[in-house]
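Given next are the chains, with one letter for each unit.
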Amino acid sequence: MIPASSGKTTSHRLNRGGDRQLDAALWRIAMVRLATEPDTRAYLASRTAQGKTKPEAIRCIKRYIAREVFTAYPAKPSLDSRSIGYVRPAGALDKLSRSGIMRG
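Residue numbering note: each chain is counted from 1, following its sequence as written. Given that this is a predicted model, residues contribute local features only at a pLDDT of at least 70 and side-chain atom pairs are listed and counted only at 80 or more, while totals for whole chains, interfaces and linings are drawn from all residues. Side-chain descriptors were evaluated using all non-hydrogen atoms of the structure, hydrogens and water having been removed beforehand.

A few words now on the environment of Ala 66. Helix and strand definitions here come from DSSP, where helices need a minimum of 4 consecutive H or I residues and strands a minimum of 2 consecutive E residues; each element is numbered from the N-terminal end. Relative to the helices and strands, Ala 66 is located in helix α3 (residues 54-72). The buried label goes to any residue with under 20% of its type's maximum accessible area, the exposed label to any with over 50%, and the partly exposed label to all in between, with areas taken from a 1.4 Å probe on protein chains only. On the accessibility criterion, Ala 66 (30% relative accessible area) is partly exposed.

Written out as C-alpha cells, the structure is:
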C-alpha cells in the first residue's frame, strides 16, 4: 500500500504494479462465483458486515482464489530433470472445486 495522505486525512492506495492479465482473470472468476455460488455471496456479506467495503471484500475473494490456483498447479520440474515431454499430472487442476470456496 502506498501512502496517499493529505493534511489531516490519512489514506492509502494500492500499488498498481503486477500482472494485469492475472488480476483480470481472478476478477472474472470472482464475479462468476459471486453470481452463481451462494457460499461466495455469503462470504461477501460476512466481510462487509465486518466493516470491509465491497472492493476490499472482493480483494479477499481474489486472494483466496489465487491461493487455490497456486496450490493446485504443479511445481515446475527442476533443471536437473530435463525430461522431454513434461506433462502435468492428471487431475492436477481437479482440486479447484467451484463450490468449495469458503468452506475450509
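Leu 26, Ala 30, Leu 34, Tyr 43, Leu 44, Ala 57, Ile 58, Cys 60, Ile 61 and Ile 65 together form the largest nonpolar core, which totals 10 residues. Elements with a contribution of two residues or more to this core: α1 (20-36), α2 (38-49) and α3. Looking at this core element by element, the count peaks at 5 residues for α3. Once you skip the residues sitting within four places of it in the chain, Leu 26 turns out to touch Lys 62, Ile 65 and Ala 66. Here the nonpolar core consists of buried residues drawn from Ala, Val, Leu, Ile, Met, Phe, Trp, Tyr and Cys, with membership extended through side-chain atoms lying within 4.5 Å. Note on contacts: a residue pair is in contact if any heavy atoms of the two residues lie within 4.5 Å.

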